[in-house]
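# Breakdown of the fold
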Amino acid sequence: MTAESIEAHGVWLRPYRLDDLADVVAGCADPVTQRFLDGLPRPYTEADARRWITEGAPALAASGGAAYAVADPATDRLLGSVGLSNPLPQRRQAEIGYWVRPGARGRGVATAATRALAEHAFADGIDRLELLTRLENVASQRVAVAAGFRPEGVRRRGGLAPGGSRPDLAVWARLADDPPGPYPRPLPDLPEGRLTDGVIVLRRLEPEDTDEMYRLNTSPGVVSSRVPPGPPTREEIAGRGLGAAHQWLVGTVAAMTILDAASGTVAGSCMLLHDQRAGQGMLGYSLFPQWRGRGYATRAVRLLARWGFAQVGLARVWAGTLPENLASRRVLERAGFQYEGLLRSLLPGVEGDRRDSTVYGLLPGELVD
């Protein structure tokens, strides 16, 4: 599998040398690398780097994998590392991984190295490459997208973090005959990271929102109309924040926090649940009691629907509410949604019963400003 060197996409993949010691230490001792790359010694020392260069990398190559220093073609200075591990020759499969030293980040080094090594591996007979990332490692998942890897799900407790915890891992894969280019994302990023009408701001849900989202989702007014019924656990809410960026990248859910534009205070949350096959999206929204009655929910619905039609390319947006939730129904009607019917016994109730749900739909051109 291991060629002497590979030069492609503006990077040079070559064997490690002892004069790479300082840069290997800088990359592997960095807190970001330490956080997301399982199996690294902690702390990472020059002795660890020396063992990797003289023993670890050659051993990985001898076992059927690959280990390359990613170097700048102009200066030959080490920018990072890329390699293949866990080879399964009978399946013509391997796992690809990388890191980039702090001073070289933000330049597309990991994407270029991943593309270069993947192309070499496919030309050498590999049929499938897997790329595993933590759910919260957004930068690494963006590398996967840019390098043409496609999402295949979540490997529960697939990682091994310091302290013995077992984080979930997002699974991305690329096949030898996949079309060239990046993975086409179903949900684009928000323009400049947000949507706003000057009164409210919508931005992506973040792990740092856990406290506020737990407080919101355990408030009586939200719990009473929640599906499934009952208050969520804090662990559940933390998991939503941790996985929000992953869900956005794979195109299933765009979960957002509603902020008051003037103060930056969290006013609530909203989401677009994306049905890629049907070309439609379902809206949901919740507000803290003190922010209700100001039109914030209607504003959020309008911003989400407009983004869904114009940027996502949806043919239809819909929402469901409990028949007795008149405030929520008025939110939808003010935004131009049309009542489409009643779905009987659609939702589970708190007491084990079933509850009806109204359905409202919005088509392009019907949005009311």
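The sections below set out a description of the structure shown in this document. (Residues numbered from 1 in each chain as written. Predicted model: local features only at pLDDT ≥ 70, side-chain atom pairs only at ≥ 80, totals over all residues. Heavy atoms only, no water.)

## Concerning empty space enclosed by the protein
Considering all chains together, one arrives at 1 cavity of 30 Å³ or more under this definition. Of the pockets and cavities examined, the largest cavity occupies roughly 40 Å³. What lines the largest cavity is simply Ser225, Arg226, Val227, Leu322, Leu347, Pro348 and Arg355. Looking at side-chain class alone, the lining of the largest cavity contains 4 nonpolar, 1 polar and 2 charged residues. (1 Å grid on protein atoms, 1.4 Å probe; cavity = no way out; pocket = protein on both sides within 12 Å on 5 of 7 lines; lining within 4 Å. Points joined across faces, edges and corners; volume = space filled by probe spheres on them. Nonpolar A, V, L, I, M, F, W, Y, C, P; charged D, E, K, R; others polar.)

## Topic: the nonpolar core
Ranked by size, the top nonpolar core spans 47 residues in total, and within it Leu202, Met256, Trp307 and Phe337 carry the most contacts. A per-element tally of this core places helix 9 (residues 296-312) first, with 10 residues. By size, the runner-up hydrophobic cluster in this structure holds 40 residues, among which are Leu13, Phe149, Tyr183 and Val250. (Core = buried A, V, L, I, M, F, W, Y, C linked by side-chain atoms within 4.5 Å. Buried < 20%, exposed > 50% of the residue type's maximum accessible area, 1.4 Å probe, protein only. Helix = DSSP H or I, 4+ residues; strand = E, 2+ residues; numbered from the N terminus.)

## A closer look at the packing of aromatic side chains
Here the structure, examined in full by the defined rule, presents 5 aromatic pairs. Aromatic pair Trp248 and Trp307: ring centres 5.7 Å apart, planes at 55°, arrangement tilted. Placement of the pair is Trp248 in helix 8 (residues 234-250) and Trp307 in helix 9, with a sequence separation of 59 residues. Taking relative accessible area as the criterion, Trp248 reaches 3% and is therefore assigned buried. Aromatic side chains Trp291 and Tyr296 sit 5.6 Å apart centroid to centroid with 20° between the ring planes, which places their arrangement in the stacked category. The buried category is assigned to Tyr296, whose relative accessible area is 7%. (Phe/Tyr/Trp six-rings, centres within 6.5 Å; stacked < 30°, edge-to-face > 60°.)

## Side note on the side chain of Asp20
Mapped onto the elements, Asp20 comes out in the loop between strand 2 (11-14) and helix 1 (21-28). In this structure the side chain of Asp20 is engaged in a polar contact, spanning 2.9 Å, whose partner is the side chain of Arg14. Not counting residues within four places of it along the chain, the set of residues in contact with Asp20 comprises Arg14, Pro15, Ile53, Ala69 and Leu78. (Polar contact = N/O pair within 3.5 Å; in protein donor to acceptor, adjacent residues only side chain to side chain. Contact = heavy atoms within 4.5 Å.)

## Observations regarding the pattern of salt bridges
Under the counting rule described, the total for this entry stands at 26 salt bridges. Across the salt bridge formed by Asp23 and Arg101, the nearest N and O atoms sit 4.0 Å from each other. With a gap of 78 residues between them, Asp23 in helix 1 and Arg101 in the loop between strand 5 (93-100) and helix 4 (109-123) connect regions that are remote in the sequence. The class for Asp23 is buried, based on a relative accessible area of 12%. Classification of Arg101 by relative accessible area gives buried; the value is 10%. Between Glu152 and Arg128 there is a salt bridge, and its shortest N-O distance comes to 2.6 Å. With a gap of 24 residues between them, Glu152 in strand 7 (residues 150-155) and Arg128 in strand 6 (residues 128-134) connect regions that are remote in the sequence. Overall, Arg128 belongs to the buried group, its relative accessible area being 17%. Beyond isolated ion pairs, a larger network of salt bridges with shared partners links Arg14, Arg17, Asp19, Asp20 and Asp76. (Salt bridge = Lys/Arg side-chain N within 4 Å of Asp/Glu carboxyl O.)

## Comments concerning the environment of Asp76
Within the fold, Asp76 resides in the loop between strand 3 (66-71) and strand 4 (78-88). Taking the C-alpha atoms as reference, Asp76 lies 9.9 Å from Leu13; in sequence the two are 63 residues apart. Not counting the four nearest positions on each side in its chain, Asp76 is found in contact with Trp12, Arg14, Arg17 and Ala71. Separated by 2.4 Å, the side chains of Asp76 and Arg17 make a polar contact.

## Some remarks on the pairing of strand 2
Across 3 bridges, the pairing between strand 1 (residues 6-8) and strand 2 is antiparallel. Bridge pairing links Ala8 to Val11 in strand 2. Where strand 1 hands over to strand 2, the hairpin turn is made up of 2 residues, of which His9 adopts a positive phi near 55°. Here 3 bridges tie strand 2 to strand 3, and the two strands are oriented antiparallel to one another. (Pairing = 2+ DSSP bridges.)

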